[in-house]
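Residue-level structure breakdown
What follows is each chain in one-letter form.
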Amino acid sequence: RKRAPIDPTLRASDLEISEIECLAASWARRVRLAKQTVSAEDLYGGRGLSEARMAAAALGAPLCIVSAGLGIVASQQKVAAYSLTLANNDPDSIGPKVSGEFSAGRWWRALHMALGAEQGALSKMMSGRSGVAIVALPGTYLDLIAADILALPREDFVRVRLVGPPREMVPPEL
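The notes below deal with the structure included here. On a predicted model such as this, the values are computed, not experimentally measured, just so you know.

1. Brief notes about the packing of aromatic side chains
Overall, the coordinates contain two aromatic pairs when judged by the stated rule. An angle of 70° between the planes, with centres 6.3 Å apart, marks the rings of Tyr 44 and Tyr 82 as edge-to-face. Of this pair, Tyr 44 sits in the loop between helix H2 (40-43) and helix H3 (47-59) while Tyr 82 sits in the loop between strand S4 (78-79) and helix H4 (104-115); the two residues are 38 residues apart in sequence, bridging distant segments of the chain. The pair formed by Tyr 44 and Tyr 82 is uniform in burial state, with each residue classed as buried. An aromatic cluster of at least three residues, connected via ring pairs, comprises Trp 27, Tyr 44 and Tyr 82. Its guanidinium or amino end placed over the ring of Tyr 82, Lys 2 lies 4.4 Å from that ring's centre, counting from NZ or CZ.

2. Focus on the pairing of strand S3 (residues 71-74)
Bridge count between strand S2 (residues 64-67) and S3: four bridges; the pairing is antiparallel. Note that in S3 the partner of Val 66 across the bridge is Ile 72. Taking the residues that link successive antiparallel strands as the turn, the S2-S3 hairpin has three residues.

3. Thoughts on the packing of H4 against helix H6 (residues 139-150)
The N-to-C vectors of H4 and H6 enclose an angle of 60°; their axes lie 8 Å apart at closest approach. Taken as axis vectors, H4 and H6 run oblique relative to one another. H6 is crossed by H4, and the crossing has right-handed handedness. Contacts between H4 and H6 involve Ala 104, Gly 105, Trp 107 and Trp 108 on the former and, on the latter, Thr 140, Asp 143, Leu 144, Ile 145 and Asp 148. Split by residue class, the contact of H4 with H6 holds five nonpolar, two polar and two charged.

What counts, and where the lines are drawn
- Residues numbered from 1 in each chain as written.
- Predicted model: local features only at pLDDT ≥ 70, side-chain atom pairs only at ≥ 80, totals over all residues.
- Heavy atoms only, no water.
- Phe/Tyr/Trp six-rings, centres within 6.5 Å; stacked < 30°, edge-to-face > 60°.
- Helix = DSSP H or I, 4+ residues; strand = E, 2+ residues; numbered from the N terminus.
- Buried < 20%, exposed > 50% of the residue type's maximum accessible area, 1.4 Å probe, protein only.
- Lys NZ or Arg CZ within 6 Å of the ring centre and 35° of its normal.
- Pairing = 2+ DSSP bridges.
- Axes fitted to C-alpha atoms, helices over the stretch in contact; angles between N-to-C directions.
- Parallel < 35°, antiparallel > 145°, perpendicular 65-115°, else oblique.
- Left-handed = near helix turned anticlockwise from the far one by under 90°.
- Contact = heavy atoms within 4.5 Å.
- Nonpolar A, V, L, I, M, F, W, Y, C, P; charged D, E, K, R; others polar.

Laid out in structure tokens, this is it:
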């Protein structure tokens, strides 16, 4: 859920149906042109994020957010208020905008490429840190980053703990 007024140019429902790479490029252009006006932490709402925020504060740990519209963002990072989701029943769901077969993992890769973001952002975030990395998200969002988790070096992979997705949604290799 978003807690800030949405930039009218950043609604997935306004995108034309197209191939996933073209769609990601169109979305990335809009994101780059929009004003970053709110911290990621203040943009996102919902009980899950509230719990994650409290846990990170209690542990003195950094909080990052897995965003279907922006990639992985630090909680204090300034972002544009947007509406793009993986939720099927939402008018701003990106899935129905993709011509052909949609997968969250393919969207994640296309989004990163279009934004010029580094592949392996999760690995970079974990590098040089110790302790457990708690990844709390719904199963649909796990589909976004499952390949990133699996690509982690062994010493980082064993530190990851998944919270939130129902067990049947977690790939066996995780």
